[in-house]
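Structural overview
Residues per chain are reported as follows:
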Amino acid sequence: MLKPRATPTRDLCNLDGLWGFATDDQAGPDPWRSRLGLGLEVAVPASYNDLFADPAIRDHVGWVWYQRTVQVPRGWDGQRIVLRVDAATHAGRVYVDDRLVAEHVGGYTPFEADVTGLVTPGTAFRLTIGVNNELTNVTIPPGTITVGHDGRRRQRYHHDFFNYAGLARSVWLYSTPVRHVTDITVVTDTADGVGFVDYAVDHEGTADVVVRLRDAEGDVVASGTGATGRLSVPDARLWQPGAAYLYEFEAELVEQGEVVDTYPLAVGIRTVEVRGTQFLINGEPFYFTGFGKHEDSPVRGKGHDDAYLVHDFQLLEWIGANSFRTSHYPYAEEVLEFADRHGIVVIDETAAVGLNLSVTGGLLGAKPKPTFSPETFNDETQAAHAQHIRELVARDKNHPSVVMWCIANEPASHEEGARKYFEPLVHLTHTLDPTRPVTSTAFLFASYDNDLIADLFDVVSLNRYYGWYIDNGDLASAEHKLEAELRGWAETHGKPIIMGEYGADTMPGLHSLWDVPWTEEYQVAYLEMNHRVFDRIEAFVGEHVWNFADFGTGPGIHRVDGNKKGIFTRDRRPKAAAHALRARWTRLGNHKP
Ligand code: E9O
C-alpha cells in the first residue's frame with residue numbers, strides 16, 4: 001500500500017488540525033447526518049483520552065465521533081479522489097456527508113476510500129469519522145469488556161500500556177490520475193559490488209511502465225521498462241546500519257508518450273539473512289542494541305508527533321543504539337521513513353500483544369482460562385491476526401530499516417493450541433515476505449523446555465525479567481537462572497537469540513547504596529548483570545532494553561503513574577542507566593562483544 005505523496009501527477013491535502021468531537025452517548029443517533037452539536041474540539045493527530053478534563057471521555061468504551069468540513073481543491077476535476085486515514089484505533093468508519101465510504105478494523109494500519117464522484121472539486125463536504133476502542137477476544141490486541149455494578153462498561157486488556165484511542169495519525173485527501181500506480185514492491189540483493197533492485201509496479205490501466213533509479217545526487221544509475229524487472233547498480237552504495245544510503249526509485253506510467261502518473265519510493269539496497277546462530281545484514285554479523293519503544297507521550301498519548309520523532313532518534317544516536325522494536329503495534333509510517341533515512345534498524349511488530357489470557361486473566365484475579373479455545377482466542381481471533389499481518393507487510397515491505405517481522409508479543413506459546421494457532425500465521429508471514437526473518441517474543445512462562453512454537457521462527461526472541469519479576473532484589477540468583485535459561489535455549493534451538501525485553505522499574509531521583517529495586521542504581525546493576533550473561537552466550541545477537549522511556553498504563557498495584565522501566569523518563573530525561581548503556585553501546589557499535 002502506497003503512502004500518499006504529492007508528485008507532478010498527484011496532489012495531497014493534509015486534514016490534521018482541530019475537529020469536532022463527541023462520544024457516542026453525547027452525539028446521539030447517526031452523528032454523521034448533521035453537525036456534532038457539543039462544541040467539543042479535538043486535536044488530530046492525537047489520542048483523545050488525555051485531552052479533556054473528563055473521566056467519562058478518558059475511560060469511554062465504544063464509539064467516538066470526529067467531524068470537520070473538507071474543501072475539495074478546485075482543479076481536481078477528472079482526477080481520482082481518495083480519503084486516507086493513517087490510523088483509527090482500533091476500528092474506524094468514515095462518512096462523506098450521509099454516506100458510509102469506508103470501514104476498517106485494526107488500530108495501527110491505514111485505510112482508504114475512493115470518493116471520486118461522491119465529492120465535487122471546488123465544493124465542501126462534511127467528513128465524519130467514527131472510532132471504536134473496544135477490545136474483545138476476537139480483536140488484535142485482545143481484551144475483555146465487563147459491565148460494573150453501576151452499569152458502566154469497562155475495558156480490560158492483557159497488556160499494560162494504556163488503551164489510547166482515536167485518530168492518532170494523519171488524515172489525508174489526495175488525488176491521483178485515473179490510470180495510476182496502485183502498488184510497488186522492491187526486493188534488493190547484492191553480489192560482487194553490484195546492487196540489484198527487483199521491482200514490481202502494479203497499476204490501473206494499460207499504460208507502459210518506465211522505472212528509474214537515482215542516487216542521492218539525483219543522477220540516474222539504472223532504468224528499465226515493464227511492470228516487473230531487475231535493475232542492476234554497479235558499485236552500489238549499500239544501506240548500512242548507522243550509515244543509511246537511499247536511492248530513489250521512480251515509477252512512471254506512460255501513454256502515447258505522455259506521463260500519466262509518477263510515484264517515487266526511497267530504496268535502500270541491503271540484504272538480511274539468518275545463518276546458523278548469526279543475524280547478517282549485508283553479509284556481516286549484526287548485533288542489535290536498543291529498545292522496545294512505545295508511541296507514547298504526555299497529553300497526546302499515542303498521537304504521532306514529529307518533535308518527539310526527531311528527539312527520540314537523537315536520543316537513540318546519543319546512547320549508541322542501532323535498533324528498536326515497534327512494540328507492540330506498527331508505528332506511524334513517518335517513523336519507519338525516518339529510520340530508513342538515519343540508518344536505524346527496526347523489528348516491525350503486529351499489535352498481537354496479550355495472547356496469554358490464562359496468565360494475565362489469572363493475575364487480574366479472574367479464574368484462569370485456557371488461552372486458545374473456542375470461547376477465548378479462536379479461529380476468528382486467528383483470522384483477525386492474519387489480516388493484521390497482511391496489512392503490516394503490505395504497508396512496510398519496502399523499508400530497508402525493517403529487517404524482521406515480529407508477529408506477536410508474549411503469547412502463551414507453552415499452552416495447548418498455540419501451535420495450531422501460530423503455525424499458519426508464521427507460514428503466512430514467510431509467504432507474504434520470503435526475504436525477512438520472522439520472530440515472536442517469548443513470554444517468561446514459555447521456556448525452551450515447554451514452548452511449543454519456537455522452532456517455527458527464524459530467531460528466538462526472549463522477554464526475560466530475572467532480577468525484576470523473578471528474584472526481585474537478588475541479582476546473584478537472577479544471574480544464575482538467566483544464564484541457565486539462555487544456555488537451555490541455545491542448546492535446544494541452535495538459532496540466534498535476541499533479548500526482546502529486559503528491564504527494571506525505576507523512579508528517577510531514588511537512590512540507594514544497596515540493591516534496592518526502583519532505585520537508579522538498581523536499574524544500572526540489573527542491566528550490568530544481564531550484559532555479563534549475554535556476553536557469555538555465543539548465540540546471542542542482540543539486546544533490546546524494556547523500555548526506551550516511561551510510558552502511560554492502566555492502573556496497577558505495580559504501576560506508579562505508568563510503567564517506569566524507561567531508560568528515559570516520559571519527558572525524555574536520562575536516568576543513570578542511560579549513561580551506563582551509552583558507555584556499553586558506543587563501545588560495541590554493531591558488533592557482538
Ligand atoms: C510486555 C510489556 O509490554 N512485557 C511485560 C512488560 C512489563 O514491564 C510490559 O510493559 O510488565 C513483562 C511481562 C512480565 C510478566 C510478569 C508476570 C509476573 C510473573 C511473576
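Residues numbered from 1 in each chain as written. Predicted model: local features only at pLDDT ≥ 70, side-chain atom pairs only at ≥ 80, totals over all residues. Heavy atoms only, no water.

It is worth spelling out the sheet that holds strand β23 (residues 288–292) at this point. Read around the barrel, eight strands follow the order β23-β24-β25-β26-β27-β28-β29-β30 and close on themselves; strand pairing throughout is parallel. In this sheet, neighbouring strand axes are inclined to one another by 25 degrees on average, regardless of whether the strands run parallel or antiparallel. Pairing geometry for strand β28 (residues 460–463) and strand β29 (residues 497–501), over four bridges, is parallel. Paired with Asn463 across the strands is Glu501, a residue of β29. Strands in contact with helix α7 (residues 418–432) are β26 (402–409) and β27 (438–442); relative to β26, the strand with the most contacts, it is inclined by about 160 degrees. (Pairing = 2+ DSSP bridges. Helix = DSSP H or I, 4+ residues; strand = E, 2+ residues; numbered from the N terminus. Axes fitted to C-alpha atoms, helices over the stretch in contact; angles between N-to-C directions. Contact = heavy atoms within 4.5 Å.)

On to the environment of Gly143, then. Its location among the elements puts Gly143 in strand β10 (residues 143–147). For Gly143 and Arg156, which are 13 residues apart along the polypeptide, the C-alpha to C-alpha distance reads 5.5 Å. Contacts of Gly143, omitting those with residues within four sequence positions, involve Leu135, Thr136, Asn137, Gln155, Arg156, Tyr157 and His158.

Here the UniProt feature "domain: Glycosyl hydrolases family 2 sugar binding" (unreviewed entry) sits at residues 14–177. Note that residues 14–177 is 5% helix and 42% strand, and that its end C-alpha atoms are spaced 18 Å apart. (UniProt positions renumbered as here; feature names shortened; annotations may be inferred.)

All right, on to the site of the ligand then. The environment of the ligand is formed by 15 residues, the closest being Asp160, His328, Tyr469, Glu501 and Lys565. Here an oxygen atom of the ligand and a side-chain polar atom of His328 are 2.6 Å apart. Here a nitrogen atom of the ligand sits 2.7 Å away from a polar atom, N or O, in the side chain of Glu501. Look at the ligand: alone it shows 510 Å² of surface, and the protein chains cover 82% of it. When grouped by side-chain class, the residues that make up the shell around the ligand number seven nonpolar, three polar and five charged. (Near = heavy atom within 4 Å. Polar contact = N/O pair within 3.5 Å; in protein donor to acceptor, adjacent residues only side chain to side chain. Areas by Shrake-Rupley, 256 points an atom, 1.4 Å probe, with all protein chains shown as cover. Nonpolar A, V, L, I, M, F, W, Y, C, P; charged D, E, K, R; others polar.)

Before going further, it helps to spend a moment on the sheet that holds strand β17 (residues 228–233). If you walk across this open sheet you meet the three strands as β13-β14-β17, and the pairing is antiparallel. Looking at the sheet topology across the chains shown, the edges are occupied by β13 (181–191) and β17. Pairwise comparison of adjacent strand axes, ignoring direction, gives a mean angle of 20 degrees for this sheet. Relative to β17, strand β14 (residues 194–203) runs antiparallel, the two sharing six bridges. By the bridge assignment for β17, Val197 is matched with Leu231.

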